[in-house]
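Notes for the structure review
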Amino acid sequence: MTKSLVIDPKKMRKPGKITFKDIPMNVYQKSVKDEVKNFTKEQFKNIYRDMWVVREFETMLNMIKTTGQYEGIEYNHPGPAHLGIGQEAAYVGQAFELGIEDFTFGSHRSHGEILAKGMSSIEKLSDKELEDIMENFFDGETYAVVKEHTQYKNIKDMAREFLLYGMIAETWGRQTGFNRGLGGSMHAFFIPFGIFPNNAIVGGSAPISTGAALFKRVNQKPGMVVCNIGDGSIGCGPVYESMNFASMDQFNKLWDDEHKGGLPIIYNVWNNSYGMGGQTCGETMGYEEVARLGAGVNPLEMNAERIDGMNPLAVIDAYRRKRKVIEDRKGPVLLDVVTYRISGHSPSDSSSYRTKEEIAMWEEIDSIKVFGQQMVEAGVATEEELKEIELGIRKDMVWAVKLGKDETISPRIDLEKDPNAIADMMFTNLEIPSMDTTRKPDVLMPKEEDPRVQKLAKKVRSAYDENGKPVSKNKTYQIRDAIFEATIDKFYQDPTFIAYGEDNRDWGGAFGAYGGLTEAIPYHRFFNSPISEAAIVGTSVGYAMAGGRVMSELMYLDFIGRAGDEVFNQMSKWQAMSGDVLKMPFVLRASVGSKYGAQHSQDWSALCTHIPGLKVVFPATPYDTKGLLNAALNGTDPVIFLESQRTYDYGEMFQKEVPAEYYEVKIGEPDVKREGKDLTILSVGATLYRVTKAADILQEKYGVSAEIIDARSLVPFNYEKVLESVKKTGKIIITGDACERGSHLKDFAQTISELAFDYLDAPPIVVGAKNWITPAHELEEYFFPQPEWIVDAVHERIMPLPGHTCTSNQTELQQLENAKKGV
């Protein structure tokens, strides 16, 4: 199926010019007296109160860090405290307009965002709703502390105590914090109020929040998403990738009417003119105004606008207007929010990169002071009332700090009592077939009418016919068919499930695994992404985090470097950092290549296995591929699903056939593909087929019976079958297509040495690819492990084979020489 959009040469070559519309800057110029009819006195006071809550919280942190005490309460907090003192009006103005159905994501400087949205949420929710939230969060563990020590009887007042205490406990690494103390200052969040994770990586929230907006659009959920990032993040590639992703034309031109429209996201840039110590306007950037960037993203110029973030009313006004833009499906939106942090980047920052005179100019227009003066001038509040608000907040802060520092009331996770407490939060290991059982999946036809489904019904589900003869490739059920079958089953089972990547739709994916999905699955569930690996992975993280299931694809594993942060810091960590609040039902497919040289043919599985929090699987047969992908898509953990391009058209050679019905292969369980008694060979990925040939040579020429074990999974991995085999054979070779140095093959070898030392007659030997760049296809047999290499390794390193002559150099001397050369 081809796209309906025609690229017209006449239109593309037509002379003319591109024109731009004006981008508004600081158009709101009103003060409290101008808005007395549009806000109640209570609302004005709440705005003032909430700004003071943020200010006092960060003042407290600053004092704790710099003096070791706050209001006479001593405490040592060695962890981070990135402050935004001076930016309170921007935080509170934004939060004033947001409900709990509106999701916010932030940066490492997000105390103010969390507190402001929390305070705003408490105002909007009923007492019953608040009490339910507090009672149900962590089974009421945090709320129990508040109830026992509260200063109030009113539920809203207690909820504000809950917010302050939960934030302090989290910042100080306490089990009663919002994320069990595992997120800390930079990663704290509270999902019941729509406050989603804040990110220690500059700009890290951009792709994640975009994925959450995608979740809202695909699943027709209410509200919008706010991506809070600083002006320093504008230099980060994933931020641009995210804005481009959110602006894809397909949302308006190819998606159906029900799902059509730009993503419901506001990229809110806190423009305080500094990225740590680098001055973004005038030094490290060239845009002059952040809002200017919208003109380069889409014809709507991202509805960009600069607003005065020192005036909370200006921010409220902007959010009211931009919500209408989002509701009209004209997103995304870019807001350049002018603000200033009077504080340093952190308490250790001496602000040597800016003048005292500059800081003094901004202190003169301190938003809390100015807003308070305006309230008094407008007759909204008296000086005494404002002072009472300030003192009340300080009293509440002292209360929360005392509770937060008391280890008998606010303990840390006890890793002596329960050494596995964090380990048990790394993976959920849940099976949830559908993330939303209340609705049916959107599809274009009954599954049995899909042309590829019909074609697969006629295929032979084994590599051999009933007489043991090979079946032709055209008639054999292949690995790419197994991927398709597991994928389409999930599309028809889980309405939240989506899949995307480069060239997925129409083309069917680079290797044909998705052919046939275009006919059956609508655009909003299966689509092409930009060539933006960071955006692909990061948006998938956000989509899963928001409550959906997603499978995205990196065409080649080599491209994982373009999504390094998104895979290694985002996909892998949020389940554990959330304190077991979040799930991550996200499968990332990536092919391990050959034939295409040094940047397209690398097995980087070791990079994935090194990162805690990722499950990594690497099937090599159709049966295992379908079963493992079914298991991955039925779970709630992040899975790196590796596939070898060498094996896509292979039929099933080890099982009788691949069942047409649903089944799962448990992730983490290796499989004995051939039994033997003299030697164990543990294979990873596509080397399975070369190992089989090596085993044939060993048996036929030298009478050596090799037991072949296919790892299938790298993380987790159950060693029991391998150890049983080694106890029987006393010898093992581990092989795979990854470069030998630093590979997971070495990790296997070390672990087997430790666990089976008494049973080994020789050290575990690793046969991996050379520590070179991957050469051209014509030279690959000298680079990737070959059957002869395995036989030579047995002869040279494990046991002499009578009459054998080595054709490759697998000696200890060569290993030493290679190490000297760094190859």
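Residues numbered from 1 in each chain as written. Predicted model: local features only at pLDDT ≥ 70, side-chain atom pairs only at ≥ 80, totals over all residues. Heavy atoms only, no water.

**Some points on the overall build of the protein**
This is how it is decided: Numbering of helices and strands starts at the N terminus; helices are DSSP runs of H or I of at least 4 residues and strands are runs of E of at least 2. The atom set for the radius of gyration is the C-alpha atoms, and the globule formula is 2.2 Å times the number of residues raised to the power 0.38. When a residue's accessible area, from a 1.4 Å probe over protein chains only, is under 20% of the maximum for its type it is buried; when over 50% it is exposed; and in between it is partly exposed. Positive: Lys, Arg. Negative: Asp, Glu. His and the chain ends are not part of the count. To locate a charge, the coordinates of NZ of Lys, CZ of Arg, CG of Asp or CD of Glu are taken.
Broken down by element type, the protein carries 29 helices and 22 strands. For the protein, whose C-alpha radius of gyration is 30 Å, the value lies close to the compact-globule estimate of 28 Å for 823 residues. When each of the 823 residues of the protein is scored for burial, the buried share is 61%. Looking at charge distribution, the protein has the averaged site of its 93 positive side-chain charges lying 4 Å from that of its 117 negative ones.

**Re the environment of serine 343**
With respect to the helices and strands, serine 343 occurs in the loop between β10 (333–338) and α13 (356–364). Residues serine 343 and methionine 653, 310 residues apart in the sequence, show an inter-C-alpha distance of 66 Å.

**Examining the domain arrangement of the protein**
To be explicit about the condition: Domain start and stop points were drawn from an automatic or database domain assignment. Contact definition: two residues touch when any of their heavy atoms are within 4.5 Å. Buried area: the accessible surface (1.4 Å probe) lost by two parts on joining, summed over both. Just to be clear on terms, a salt bridge is a Lys or Arg side-chain nitrogen sitting within 4 Å of an Asp or Glu carboxyl oxygen. Identification of polar contacts relies on pairs of N or O atoms within 3.5 Å, with a donor-acceptor requirement for protein atoms, meaning one able to donate a hydrogen and the other able to accept it, and with residues adjacent in sequence counted only if both atoms are side-chain atoms. Each residue is assigned to one class: nonpolar for Ala, Val, Leu, Ile, Met, Phe, Trp, Tyr, Cys and Pro, charged for Asp, Glu, Lys and Arg, and polar for all the others, Gly among them.
Domains assigned within the protein are domain 1 (447–644) and domain 2 (676–821). Between the C-alpha centres of domain 1 and domain 2 there is a distance of 28 Å. Counting residues at the interface gives 23 residues for domain 1 and 22 residues for domain 2. Between domain 1 and domain 2 lies a buried interface of about 1,700 Å² when both sides are counted; carbon and sulfur atoms form 59% of it. A salt bridge links aspartate 624 to arginine 712; its shortest N-O distance comes to 2.9 Å. Between the two partners, domain 1 and domain 2, sit ten residue pairs in polar contact (both at pLDDT 80 or more). Mapped by element, the contributors of at least two residues to the side of domain 1 that touches domain 2 are α23 (605–610), β15 (615–617) and α24 (622–634). Of the residues in the side of domain 1 that touches domain 2, the class split is ten nonpolar, nine polar and four charged.

**Here's the deal with the UniProt feature "domain: Transketolase-like pyrimidine-binding" (unreviewed entry) in the protein**
Cut-off, in case you're wondering: UniProt positions are given in the numbering used here, feature names are shortened, and annotations may be inferred rather than shown by experiment.
As recorded in UniProt, the sites labelled "domain: Transketolase-like pyrimidine-binding" (unreviewed entry) are residues 477–650. Annotation note: span residues 477–650, helix share 35%, strand share 16%, distance between end C-alpha atoms 8 Å.

**Thoughts on the sheet that holds strand β9 (residues 305–308)**
Heads up, the condition is: Here, any two strands with at least 2 DSSP bridges between them count as paired. Note on geometry: axes are C-alpha line fits, over the in-contact stretch for helices, and angles between N-to-C directions span 0 to 180 degrees.
Pairing is parallel across the open sheet formed by six strands, whose spatial order is β4-β3-β5-β6-β10-β9. Each end of this open sheet is capped by a strand with a single partner; those strands are β4 (195–198) and β9. Adjacent strand axes in the sheet meet at a mean angle of 20 degrees, parallel and antiparallel pairs treated alike. Relative to strand β5 (residues 225–230), strand β3 (residues 103–106) runs parallel, the two sharing three bridges. Within the sheet, the bridge partner assigned to threonine 104 lies in β5 and is valine 226. Packed onto the sheet, helix α3 (residues 88–96) meets β3, β5, β6 (265–271) and β10 and runs at close to 165 degrees relative to β6. Contacting β5, β6, β9 and β10, helix α12 (residues 312–327) runs over the sheet at an angle of about 150 degrees to β9.

**Quick notes on the layout of surface pockets**
The following threshold applies: With a 1 Å grid laid over protein atoms only, a set of points is called a cavity when a 1.4 Å probe fits there but cannot get out and a pocket when it is open yet has protein on both sides within 12 Å along at least five of seven lines; lining residues have an atom within 4 Å of a point. Grid points are joined across faces, edges and corners, and a volume is the space filled by probe spheres set on the points.
A volume near 720 Å³ is recorded for the largest pocket. The set of elements that each furnish at least two residues to the lining of the largest pocket consists of β22 (765–769), α28 (787–798) and α29 (812–821).

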